[in-house]
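Given next are the chains, with one letter for each unit.
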Number of protein chains: 2
Amino acid sequence: MTLRVGVVGGGQLARMMIAPAVEIGIELSVLAEQEGMAAKLAATAVGDYHDLQTVLEFARGVDVVTFDHEHVPQAVLRALVDAGIAVHPGPDALQFAQDKLAMRAKLDELGMPQPDWSAVSDVAGLQRFLDDHGGRAVVKTPRGGYDGKGVRVVSAAAEAEDWFATLAEDARGGALLVEELVDFRRELSQQVARRPSGEMSAYPVVETVQRDGVCAEVIAPAPHLSARLADVARDVGVGIAEGLGVTGMLAVELFETTDDRVLVNELAMRPHNSGHWSQDGAATSQFEQHLRAVLDLPLGDPSPRQGWTVMVNILGGPAEGGIDERFAAVMSAHPDVKVHTYGKDPRPGRKVGHVTAFGDDLDDVVYDARAAADFFAG
Amino acid sequence: MTLRVGVVGGGQLARMMIAPAVEIGIELSVLAEQEGMAAKLAATAVGDYHDLQTVLEFARGVDVVTFDHEHVPQAVLRALVDAGIAVHPGPDALQFAQDKLAMRAKLDELGMPQPDWSAVSDVAGLQRFLDDHGGRAVVKTPRGGYDGKGVRVVSAAAEAEDWFATLAEDARGGALLVEELVDFRRELSQQVARRPSGEMSAYPVVETVQRDGVCAEVIAPAPHLSARLADVARDVGVGIAEGLGVTGMLAVELFETTDDRVLVNELAMRPHNSGHWSQDGAATSQFEQHLRAVLDLPLGDPSPRQGWTVMVNILGGPAEGGIDERFAAVMSAHPDVKVHTYGKDPRPGRKVGHVTAFGDDLDDVVYDARAAADFFAG
């Protein structure tokens with residue numbers, strides 16, 4: 001009996017599960033939002049993941065349902081579970097990735113280090129938080145934000161007035177999340193895989209460089225990180241995976257503060273951009289690890305295969321011509337760099353691929369990865 | 001414009017092109033012999049590759065046609081070329097992989113080191129060769145043999161009488177190939193990639209261990225090989241790729257003789273079992289390299305990523321239950337070993353998958369790979 005994994009969502013994360021699925025011998029199928037998406041090769045169905053019947057029908061042909069994103073509604077997730085379908089990560093865990101206020105409250109309960117935060121339901125409440133935190137803060141919509149969307153740095157409560165107005169129109173009511181502006185040295189990401197039966201495996205913590213709220217570059221492992229902070233990051237990742245009951249891959253985005261603490265910024269319960277380095281740089285890629293985890297198979301070795309791996313995103317892609325037309329130039333100049341593209345049309349700021357370089361000299365590896373990615377820009 | 005490669009043949013070699021195609025962003029399609037084959041995920045057509053119309057129709061949707069095997073008839077290959085379709089490797093090269101007598105004659109012409117050989121069309125001719133070569137020799141049918149089929153060690157000409165009888169029935173007539181029995185220390189394999197525009201790239205020469213005429217194990221690079229013989233092997237590989245006009249991957253199977261020579265045993269013009277180590281062990285896998293070569297893209301770095309990589313074939317698979325049922329055991333015992341399976345039903349002697357292990361201590365790596373493969377046996 002071939003093991004069958006069904007992925008809801010046809011984006012690049014689903015696409016990048018195809019290679020390890022084919023290599024191990026797992027049958028991967030994808031419920032895509034539309035035709036021609038990044039994961040089209042494995043798409044066995046096209047439909048709306050908000051529609052229970054669509055998802056139920058898709059789920060009947062697989063052993064476990066997992067996800068390309070965290071947007072499947074709780075009602076659909078819970079109906080799948082009620083129908084006896086294995087869903088990983090499950091709704092109890094995913095609620096904390098779907099609602100940043102629920103996430104902050106749960107992390108407090110678990111004693112995880114995080115920025116000061118508050119739920120604010122009106123301008124006055126936000127202004128009080130601002131007054132208590134030096135006059136500036138980060139306001140976030142609890143739901144639906146990603147890659148910098150739904151996130152705003154404000155220095156006056158009035159700057160979030162439109163969001164409060166939207167909240168007022170929402171029958172469910174609700175609040176915005178406000179967080180202190182953290183004085184951070186850099187951003188890190190800690191990934192952990194967890195099986196339904198409990199086994200966990202932590203990747204080395206990596207440094208992530210964001211531009212305009214989007215991940216631009218990852219260095220694995222994070223350079224010059226103290227052993228103490230690396231241990232804290234791992235413990236935070238493992239603690240959250242266990243405390244929230246995550247199954248599959250978890251990414252914990254962290255701030256490394258100027259006073260040598262790590263604070264939890266965001267969570268993602270799926271393979272994550274900060275782990276793409278592992279495709280070429282780790283003994284087990286995050287995509288293989290995710291498949292193993294959701295199938296409750298023993299986890300693979302997450303160790304780096306060499307001193308350094310650097311991943312640089314291809315954002316937007318060439319202004320003229322397709323990505324493929326740059327292949328010859330980049331491959332000729334960088335025969336040792338690995339090129340990954342997602343079959344998506346270039347569009348400003350859109351993630352359309354990434355490159356990875358690896359080796360034992362960090363400066364060389366960073367240079368190679370950036371230089372190779374530059375061939376796809378402009 | 002996405003680059004499109006069409007593969008004729010739906011076996012495991014086509015299957016193993018899927019992962020790098022998805023990663024780079026090449027659209028791979030496969031003309032499979034039947035439904036449900038190893039490469040079924042990329043199969044866009046099912047049909048008979050002996051039928052020109054079937055292959056022509058398949059070829060119309062791709063930029064280049066390449067192969068999972070070397071069995072497509074010359075007439076079909078030449079008609080594709082005449083129709084203006086890019087075919088790599090092309091018919092002029094493939095004829096030498098399809099006819100071992102033509103191959104031996106061509107290698108003589110190129111001055112390549114090879115065993116004494118002769119074309120023999122009757123028992124008397126074979127007996128003369130035997131008498132001149134110590135009374136034992138290897139007889140091969142020039143066409144259609146692989147994995148030890150069509151190969152027989154004889155010590156009397158009468159032992160090939162049935163094959164001569166078959167020849168006599170064949171309207172085309174023809175001859176058998178007879179080769180001296182080489183006194184060899186071990187077998188090696190040299191792989192070379194070559195682009196239509198001429199660029200070539202050689203992998204490190206590897207040691208291959210055959211059992212019952214089938215590749216069982218590969219150690220990359222070949223241990224304890226003198227630098228001189230490694231150079232000769234590379235020169236032979238490069239010379240054959242160029243001399244025969246091979247495009248894509250070429251594998252040259254070699255004998256390392258007890259008197260320190262290398263002699264050409266067999267050729268394969270496609271990714272080859274002796275190169276599966278490169279999926280996990282080289283900066284560029286032979287499958288990615290093949291795609292780059294047939295698309296005339298710059299070739300990738302074929303360097304090993306660590307000291308040693310060992311590949312062990314899974315032959316036959318478990319007598320009871322499927323391969324997948326062994327996953328948990330092997331993954332638990334060997335989290336650092338890479339498992340590859342081909343989606344094929346286990347059958348005695350059939351190649352249904354392989355495992356690779358890598359590291360800097362050869363004994364450990366050999367042990368790990370063999371121990372992991374053992375989980376799939378018996």
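Because the structure is predicted, anything quoted here is derived from the model rather than measured.

Draft legend 1. Spatial organisation of the interface of chain B and chain A. Counting from both sides, the interface comprises 41 residues of chain B and, opposite them, 40 residues of chain A. At the boundary of chain B with chain A, total buried surface from both sides reaches about 3500 Å², with 53% on carbon and sulfur atoms. Considering only the surface of chain B that becomes buried against chain A, B:Glu23, B:Arg305 and B:Met331 emerge as the three largest contributors, covering 18% of it. Linking chain B to chain A there are 4 salt bridges. The partner of B:Lys40 in a salt bridge is A:Glu27, and the shortest N-O contact between them spans 3.9 Å. Mapped by element, the contributors of at least two residues to the side of chain B that touches chain A are helix H1 (12-24), helix H9 (278-281), helix H10 (286-294), helix H11 (327-333) and strand S16 (338-341) of chain B. The element best represented in the side of chain B that touches chain A is H1(B), accounting for 6 residues.

Draft legend 2. Broad picture of the relation of the copies chain B and chain A. For the pair chain B and chain A, the superposition axis carries a translation of 0.0 Å, the fit reaches an RMSD of 0.0 Å, and the rotation angle comes to 180°. The relationship between the two copies is best expressed as a two-fold rotation axis. For chain B, the minimum C-alpha distance to the rotation axis belongs to B:Ala19 and amounts to 2.1 Å. An overlap of 98% is found between the interface residues of chain B and their copies at the interface of chain A, pointing to a shared contact surface.

Draft legend 3. Highlighting the packing of aromatic side chains. Per the counting criterion, the structure on display carries 6 aromatic pairs over all chains. Aromatic side chains B:Phe327 and B:Phe376 sit 6.5 Å apart centroid to centroid with 85° between the ring planes, which places their arrangement in the edge-to-face category. Of this pair, B:Phe327 sits in helix H11 while B:Phe376 is found in the segment after helix H12 (362-374), placing the two residues 49 residues apart along the sequence. With respect to class, B:Phe327 is no different from B:Phe376; both count as buried. A cation over a ring is seen here: A:Arg152 above A:Trp163, with NZ or CZ 4.2 Å from the ring centre.

Draft legend 4. Examining the pattern of salt bridges more closely. All names here are of chain A. The tally for this structure, following the rule as stated, stands at 48 salt bridges over all chains. Note that Arg-270 and Glu-70 form a salt bridge whose closest N and O atoms lie 3.2 Å from each other. Residue Arg-270 is found in the loop between strand S14 (262-268) and helix H9 (278-281), and its partner Glu-70 is found in the loop between strand S4 (64-67) and helix H3 (74-82); the two are separated by 200 residues along the sequence. Taken as a pair, Arg-270 and Glu-70 share a single burial class, namely buried. Between Glu-266 and Lys-140 there is a salt bridge whose closest N-O contact spans 2.9 Å. Of the two residues, Glu-266 is situated in strand S14 and Lys-140 in strand S6 (residues 137-140); the sequence distance between them amounts to 126 residues. With relative accessibility at 15%, the residue Glu-266 sits in the buried group. Residue Lys-140 is classed as buried on the basis of its relative accessible area, which comes to 3%. Connected through shared salt-bridge partners, Lys-100, Arg-104, Lys-140, Glu-179 and Glu-266 make up one network.

Thresholds applied
Here the residue numbering is sequential within each chain, running from 1 through the sequence in written order. As they are written, the chains are lettered A onward and the ligands numbered 1 onward, keeping that order. Local features in a predicted model are, by the rule used here, given only for residues with pLDDT of at least 70; side-chain atom pairs are given and counted only at 80 or more, and totals for whole chains, interfaces and linings are based on all residues. To obtain the side-chain values, all non-hydrogen atoms of the structure were included, while hydrogens and water were left out. Contacts between residues were defined by any pair of non-hydrogen atoms, one from each residue, lying within 4.5 Å. Summed over both partners, the accessible area (1.4 Å probe) lost when two parts come together is defined as the buried area. Here a salt bridge means any side-chain nitrogen of Lys or Arg lying within 4 Å of a carboxyl oxygen belonging to Asp or Glu. Working definition: helices are DSSP H or I runs of at least four residues, strands are E runs of at least two. Numbering for both runs from the N terminus. The least-squares superposition of copies is restricted to C-alpha atoms, and to residues with a pLDDT of at least 70 in both copies. Between rings of Phe, Tyr and Trp, where Trp is taken as its six-membered ring, a pair exists when centres lie within 6.5 Å; planes separated by under 30 degrees are stacked, by over 60 edge-to-face, and by other angles tilted. For the exposure calls, accessible area comes from a 1.4 Å probe over protein chains only, and a residue counts as buried if that area is under 20% of its type's maximum, exposed if over 50%, partly exposed in between. Sitting over a ring, as applied to charges here, requires NZ of Lys or CZ of Arg to be within 6 Å of the ring centre and within 35 degrees of the ring normal.

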